[in-house]
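Structural overview
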Amino acid sequence: MLDELDRRIVGALQIDGRAAWSRIAAVLGEPERTVARHGNRLLESGAVTVTALAPRGDAVLVRIRCTPGTAGVCGRTLAHRPDAVFSYVLTGSVDCVAEIICLPERVADLVLQERPGIPGLVESNTLPVLRYFRTVHEWQPALLTATEAAELTELPPLTPAPTGAGAQRLGREERLIVRALAEDGRRTYDEIARIAGISEPTARRRVESLRRTGVVHIRAVVAPAALGLGVEALLWIRTQPSTVELVGRLLLESPYVRYAAVIMGDHQIVADVAVPDKLRLYELLTGADWVAHVESVETSMVIEVLKTSGVQRTRVSGR
């Protein structure tokens, strides 16, 4: 569990992962040295990771049922894929789920060749993502006031597209910049310039352009349990086509919803939620406004997070 200042610093980094400690301190009303000390400790300990995601392909969810005892192996196999955004081990009828960003021409290989080779696989299905309502990269669990969040917001919030059909082709320098930010989203412009072989002002302009156009998303990754949200679940929601947009908008009213997307298959929407306890999950499933507009909800508890926002994790405690 993080203390109050730690959580507020996390909230600031989730809004702008590259914000200077001086700027965060000014917004939070705390001494810069104190914020820098807490922030650097969070980063050095691995409690928080600032990374960059540059999705360039079509998003699909891969759901897998495994032979007994192999769910961990299956989930890790998915997590080790460089194109995997997240990989979870679940309770319920599905043992593992992963989101894969796959070039359109590679989807057939994923389904026909790569997926059948996953250790322990008994049954699986691939569900293309049609639309995001919210991704984990955008999730801000109400750690700051609206005024503080507005003061830290420099770039317009952009929801990544689940299809890379219109993605621009990156040159060598842009690819090096993206790779550098994926390794450490808080690299200085001078470090990025040396890696990409360009000047510091050019590096600054390129990074700002990549972020402003939504090619690159900078994300502060933290385990929900560290924020007091120790119960995580996936909700597989069935609803009429005419109410999909309404349900999606209502889901976004809750700060507990980390991810919500429209998918193909037997369910129309999948949502990733993180709540303080099972009682709060029960209230979300029975009393939230969106519940009145759905036909059914299948709930899977997340029992292990193996990868999230492109960052592999050994084990998430607190569940």
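Here, the structure is the one placed above.
So, here is what we can say about the structure in this document. Chains are numbered independently. Their residues run from 1 in the order of the written sequence. Owing to the predicted nature of the model, reporting of local features is limited to residues with pLDDT of at least 70; listing and counting of side-chain atom pairs is limited to 80 or more, with chain, interface and lining totals taken over all residues. Working from all heavy atoms in the structure, the side-chain values ignore hydrogens and water.

What follows covers the overall build of the protein chain. For the purposes of this entry, the term helix denotes a DSSP run of H or I that reaches at least four residues, the term strand denotes a run of E that reaches at least two, and both are numbered from the N terminus. The secondary structure content of the protein chain amounts to 11 helices and 11 strands. C-alpha atoms define the radius of gyration in this analysis, and the globule rule sets the expected value at 2.2 Å times the number of residues to the power 0.38. At 20 Å, the protein chain has a C-alpha radius of gyration in line with the 20 Å of a compact globule built from 319 residues. If you line up the protein chain on its principal axes, its C-alpha atoms span 50 × 45 × 40 Å. Burial classification: accessible surface area is computed with a 1.4 Å probe over protein chains only, and a residue below 20% of its type maximum counts as buried, one above 50% as exposed, and the rest as partly exposed. Put simply, the protein chain has 319 residues, and 52% of those count as buried. It only takes one pair of heavy atoms within 4.5 Å for two residues to be counted as in contact. A sequence separation of at least 24 residues applies to 76% of the contacts in the protein chain between residues at least 6 apart. Within the structure as shown, the protein chain displays about 14500 Å² of accessible surface, and the carbon and sulfur contribution to it stands at 51%. The protein chain carries 38 positive and 38 negative side-chain charges, and their two centres are separated by 4 Å. A 1.4 Å probe and the Shrake-Rupley method give the accessible areas. Residues count as covered only by the protein chains that appear here. Note on charges: Lys and Arg go in the positive column, Asp and Glu in the negative column, and His and the chain ends are not counted at all. A single reference atom marks each charge: NZ on Lys, CZ on Arg, CG on Asp, CD on Glu.

Here we take up unusual backbone geometry. One non-glycine residue, A142, lies in positive phi territory at about 55 degrees. Counting through the fold element by element, A142 comes out in the loop between β5 (121-134) and α6 (146-152). Located in the positive-phi region is S309, a residue other than glycine, with phi close to 50 degrees. Note that S309 resides in the loop between β10 (296-308) and β11 (311-312).

Below, the discussion takes up the packing of aromatic side chains. Pairing of aromatic side chains here covers Phe, Tyr and the six-membered ring of Trp, requires ring centres within 6.5 Å, and sorts the geometry by plane angle: under 30 degrees stacked, over 60 edge-to-face, intermediate tilted. Under the definition given, this model contains three aromatic pairs. Between F86 and Y88 the ring centres are 4.9 Å apart and the planes differ by 20 degrees, which places this aromatic pair in the stacked class. Y88 carries the same exposure label as F86, and that label is buried. Here a set of aromatic residues connected by ring pairs shows up, and it is made of F86, Y88, Y132 and Y259. Placement of a positive charge over a ring is assigned whenever Lys NZ or Arg CZ falls within 6 Å of the ring centre and within 35 degrees of the normal to the ring plane. It is R18 that lies over the ring of Y189; its NZ or CZ is 4.6 Å from the centre. Note that R258 overlies the ring of W139, its terminal NZ or CZ placed 4.9 Å from the centroid.

A separate point is the packing of helix α7 (residues 172-183) against helix α8 (residues 189-196). Direction vectors running N to C along α7 and α8 enclose 130 degrees, while the axes themselves pass 9 Å from each other. With respect to each other, α7 and α8 are oriented oblique. The interaxial crossing formed by α7 with α8 has right-handed handedness. Seen from α7, the contacting residues are R172, E173, L176, I177, A180 and L181; seen from α8, they are I192, I195 and A196. Here the term charged refers only to Asp, Glu, Lys and Arg, the term nonpolar to Ala, Val, Leu, Ile, Met, Phe, Trp, Tyr, Cys and Pro, and the term polar to all other amino acids, Gly among them. Its residues placed into classes, the contact of α7 with α8 shows seven nonpolar, no polar and two charged. Angular values range over 0 to 180 degrees, each being the angle between N-to-C directions of two axes fitted as lines to C-alpha atoms, with helices fitted over their stretch in contact. Should an angle fall under 35 degrees it is taken as roughly parallel, and over 145 as roughly antiparallel, whereas 65 to 115 is taken as roughly perpendicular and any remaining angle as oblique. Crossings are assigned a handedness: left-handed for a near helix turned anticlockwise from the far helix by less than a right angle, right-handed for a clockwise turn.

Quick look at the side chain of D272 now. Mapped onto the elements of the fold, D272 is located in strand β9 (residues 269-275). Within the structure, D272 has its side chain in polar contact with the side chain of Y88 (distance 2.8 Å). Ignoring anything within four residues of it in the chain, the contact list for D272 reads Y88, E232, A233, L234, Y256, V257, R258 and Y259. N or O atoms within 3.5 Å of each other form a polar contact, as long as, within protein, one can give a hydrogen and the other can take it, and as long as residues adjacent in sequence are counted only when both atoms are side-chain atoms.

Between any two strands, pairing holds if DSSP finds at least two bridges. Of the strand pairs in this sheet, strand β2 (residues 58-66) and β5 are connected by seven bridges, and their pairing is antiparallel. Each bridged residue has a counterpart across the sheet, and for R63 the counterpart in β5 is N125. Bridge analysis of β5 against strand β8 (residues 257-263) gives four bridges, and the strand direction is antiparallel. Of the residues in β8, the one forming a bridge with R131 is V262.

Okay, the environment of D83 next. The residue D83 is located in the loop between α4 (71-79) and β3 (84-90) in this model. Here the alpha-carbon distance between D83 and L103, two residues 20 residues apart in the chain, equals 9.6 Å. Not counting the four nearest positions on each side in its chain, D83 is found in contact with E99, I100 and I101. Within the structure, the side chain of D83 is placed 2.9 Å from the side chain of R81, a separation counted as a polar contact.

Bear in mind that shape data such as this cannot, by itself, settle questions of function.
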